[in-house]
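Structural description and commentary
Spelled out, the chains give:
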Amino acid sequence: MVTMLDVSREAGVSSATVSRVLTGSAEVEPATRMAVLAAVEKLGYRPNLVARGLRRQASQVIALIITDIENPFYTAVCRGVEDSARLAGYSVILCNADRDIEKEREYLRVVEDQNASGVIISPANARRTDISNLLARRLPVIAVDMALDSATGSVLVDNKDAGALATDHLIGNGCRRIACVTGPAENATAADRLEGYFRAIAKAGLTKERDLVVYANYMEDGGYEATKRLLKLKKRPDGLFVTNNRMTVGTLRALQEAGVAIPDDINVIGFDELPWALELHPHLSLMRQPAYRIGQEAARLLIDCIRKENTAQHIVLDAELVTRDRQPSRQPRNKPSKPSRS
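A short tour of the structure in this document, coming up. Residue indices begin from 1 for each chain and proceed along its sequence in written order. Restriction of local features to residues with pLDDT of at least 70 applies here, the model being predicted, together with a cutoff of 80 or more for giving and counting side-chain atom pairs; totals for whole chains, interfaces and linings are based on all residues. Values shown for side chains rest on all heavy atoms present in the structure; no hydrogens or waters enter the calculation.

This part takes up the overall build of the protein chain. Going along the chain from the N terminus, every DSSP run of H or I of four or more residues is numbered as a helix, and every run of E of two or more is numbered as a strand. Looking only at helices and strands, the protein chain has 13 helices and twelve strands in total. Three exposure classes are used, based on accessible area relative to the maximum for each residue type with a 1.4 Å probe and protein chains only: buried under 20%, partly exposed in between, and exposed over 50%. In the protein chain, which comprises 342 residues, the share counted as buried stands at 51%. Should any heavy atoms of two residues lie within 4.5 Å, those residues are counted as being in contact. Of all intrachain contacts in the protein chain linking residues separated by at least 6 positions in sequence, the fraction that spans at least 24 positions is 69%. Surface accessibility of the protein chain: about 17,000 Å² in total, with carbon and sulfur atoms responsible for 49%. Areas reported here follow the Shrake-Rupley algorithm with a probe of radius 1.4 Å; residue values treat only the protein chains shown as occluding.

On the secondary structure map, threonine 227 appears in helix H10 (residues 220-231). Polar side-chain contacts of threonine 227 include one of 2.7 Å to the backbone oxygen of glycine 223. When near neighbours in sequence (up to four residues on either side) are disregarded, threonine 227 contacts Val181, Leu240, Thr251, Ala254 and Leu255. A 3.5 Å cut-off defines polar contacts: any pair of N or O atoms within that distance qualifies, except that in protein one atom must be a possible hydrogen donor and the other a possible acceptor, and neighbouring residues in sequence count only when both atoms are side-chain atoms.

Between helix H1 (residues 4-11) and helix H3 (residues 30-43), whose axes approach to 9 Å, the crossing angle comes to 120°. Considering the angle they form, H1 stands oblique to H3. Judged by the sense of rotation from one axis to the other, the crossing of H1 with H3 is right-handed. In contact with Asp6, Val7, Glu10 and Ala11 of H1, H3 contributes Ala35, Val36, Ala39, Val40, Lys42 and Leu43. Residues are grouped as follows: Ala, Val, Leu, Ile, Met, Phe, Trp, Tyr, Cys and Pro are nonpolar; Asp, Glu, Lys and Arg are charged; all remaining types, including Gly, are polar. Split by residue class, the contact of H1 with H3 holds seven nonpolar, no polar and three charged. To obtain an axis, a line is fitted to C-alpha atoms, over the contacting stretch when the element is a helix, and the angle between two such axes runs from 0 to 180 degrees between their N-to-C directions. Note on angle classes: values under 35 degrees are labelled roughly parallel, values over 145 roughly antiparallel, values of 65 to 115 roughly perpendicular, and the remainder oblique. What makes a crossing left-handed is the near helix being turned counterclockwise from the far one by less than a right angle; a clockwise turn instead makes it right-handed.

Below, the discussion takes up the packing of helix H8 (residues 159-172) against helix H9 (residues 188-203). Two numbers describe how H8 lies on H9: the axes approach to 7 Å, and their chain directions differ by 40°. With respect to H9, the element H8 is oriented oblique. Crossing handedness for the pair H8 and H9: right-handed. On H9, the residues that touch Asn159, Lys160, Asp161, Gly163, Ala164, Thr167, Asp168 and Ile171 of H8 are Thr189, Asp192, Arg193, Glu195, Gly196, Tyr197, Arg199, Ala200 and Ile201. Split by residue class, the contact of H8 with H9 holds five nonpolar, five polar and seven charged.

We now examine the sheet that holds strand S10 (residues 285-288). At least two DSSP bridges between two strands are needed for those strands to be called paired. Read across the sheet, six strands follow the order S7-S6-S8-S9-S10-S12 without closing on themselves; strand pairing throughout is mixed. On the outer flanks of this sheet lie strand S7 (213-215) and strand S12 (320-322), each paired with one strand and no other. Here the average twist between neighbouring strands, direction ignored, is 15°. Bridge analysis of strand S8 (residues 239-242) against strand S9 (residues 267-271) gives three bridges, and the strand direction is parallel. Following the sheet pairing, phenylalanine 241 is matched in S9 by isoleucine 269. Seen against the sheet, H8 touches strand S6 (178-182), S8, S9, S10 and S12 and runs at an angle of roughly 165° to S9.

With that out of the way, let us pick up the nonpolar core. For the purposes of this section, nonpolar cores are sets of buried Ala, Val, Leu, Ile, Met, Phe, Trp, Tyr and Cys residues that join through side-chain atoms within 4.5 Å. Judged by nonpolar contacts, the single largest core of 66 residues is most densely connected at Ile120, Val155 and Tyr197. With eight residues, the top contributor of residues to this core is helix H13 (residues 291-306). Not counting chain neighbours up to four residues away, the residues in contact with valine 155 comprise Ile142, Ala143, Val144, Asp145, Ile294, Glu297, Ala298, Leu301, Ile315 and Leu317. The next biggest cluster of nonpolar side chains, apart from the first, holds 16 residues, and it includes Ala63, Leu108, Leu148 and Ala151.

Pairing of aromatic rings covers Phe, Tyr and the six-membered ring of Trp, with a centre-to-centre limit of 6.5 Å; geometry is then stacked below 30 degrees between planes, edge-to-face above 60, and tilted otherwise. Here the structure, examined in full by the defined rule, presents three aromatic pairs. Arranged with centres 5.2 Å apart and planes meeting at 55°, the rings of tyrosine 197 and phenylalanine 198 form a pair that is tilted. Taking relative accessible area as the criterion, tyrosine 197 reaches 3% and is therefore assigned buried. We call a charge positioned over a ring when the NZ of a Lys or the CZ of an Arg lies within 6 Å of the ring centre and within 35 degrees of the ring normal. The positively charged end of arginine 193 is found above the aromatic ring belonging to phenylalanine 271, 3.7 Å away from the centroid. The ring centre of phenylalanine 198 lies 4.2 Å from the NZ or CZ of lysine 208, which sits over that ring.

To summarise the sheet geometry, strands pair through backbone hydrogen bonds and adopt either a parallel or an antiparallel arrangement. If you walk across this open sheet you meet the six strands as S2-S1-S3-S4-S5-S11, and the pairing is parallel. Each having just a single partner strand, strand S2 (91-96) and strand S11 (314-317) make up the two edges of the open sheet. Neighbouring strand axes in the sheet, compared pairwise and without regard to direction, differ in orientation by 15° on average. Here strand S1 (residues 61-66) runs beside strand S3 (residues 118-121); their pairing, made up of four bridges, is parallel. Its bridge partner lying in S3, isoleucine 62 is registered against glycine 118. Its contacts with the sheet put helix H5 (residues 72-87) on S1, S2 and S3, and the angle it makes with S1 is roughly 170°. The strands touched by helix H6 (residues 101-113) within the sheet are S1, S2 and S3, with S1 carrying the most contacts at an inclination of about 180°.

So, on to H5. Its 16 residues place the ends of H5 23 Å apart at the C-alpha level, agreeing with the 22 Å of an ideal helix rising 1.5 Å per residue. Regarding H5, the residues found buried are Phe73, Tyr74, Val77, Cys78, Gly80, Val81, Ser84 and Ala85. Buried positions in H5, seen along its axis, are confined to an arc of 165° and lie on one side of it. Of the surrounding elements, those touching the buried residues of H5 are S1, S2, S3, helix H11 (245-257) and H13. Backbone nitrogen of phenylalanine 73 and a side-chain oxygen of the N-cap are separated by 2.9 Å at the start of H5; the cap is asparagine 71. Backbone geometry just downstream of H5 places glycine 89 in the positive-phi region, at approximately 85°. By this rule the span expected of a helix is its residue count minus one, scaled by 1.5 Å. Think of it as the arc spanned by the lines of direction from the helix axis to the C-beta atoms.

Below, the structure is given as structure tokens:
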């Protein structure tokens, strides 16, 4: 078993210095801190968290509460949190709330009972998620993906700009009747992406049409039903912005069933990665959030707050436009060509 003494020898420092780095109990030079953390990683050192917790009357555990573990975006966030926390000597408890406010409340109570040192949370609802008990106990709370007014800090993406950029991309590809499949009306993140969509539509001088916006549940079935509804319109859209990756899965299924080709019949842009999308749909563009970095930054902020090394911070990152589409063919696939004149 690797010991603290082994780490101190590898890093070329004293055991006391290793302890100070891992507990955050005193100031350590940045270069020394990095050398210790590198030694911890190289040797695979695992601190005795139980004993340390008893000594400090606090655990070396942080809680991560997310809304959808099946979504690859949150999987990457989790990895970023875990990797960053582990290097700092913290373990992570993962809780999946399934976008259910009651389930989220149960997990928040569990976090209180388990004496976690702090919490990273992707809120189920910006207005209904209640972290007041945690704050009353002076536990720091970092929000990701969706802002919480009462949170100690946050790491978010500029969703308004991302929504506008996605819509601008469709406009740049020649789309003039652009639809949006968005999330639940009460979801703040979905509302921001939709606002960006409207901003781009207005800037381009296009008509804002109520029928072209469909609210769904951020799940595959929601995207499927929303897309089927749009395809039934008397005048179909030529562009489609889907504001969540799981809904994009449903959208692609609906388009495939209807024999609608991307991008010849409709140009589509999604939000966040789909691991298999490039193989099956090489022309699907998307907005990519820096999910792993979001997790890293959230863990760093939280641990800094736990150690009293920093005050609250609110970080806003940019989403990246990933263009994979090509220009549609001049002759749409689902329309018969006109007979040529002899």
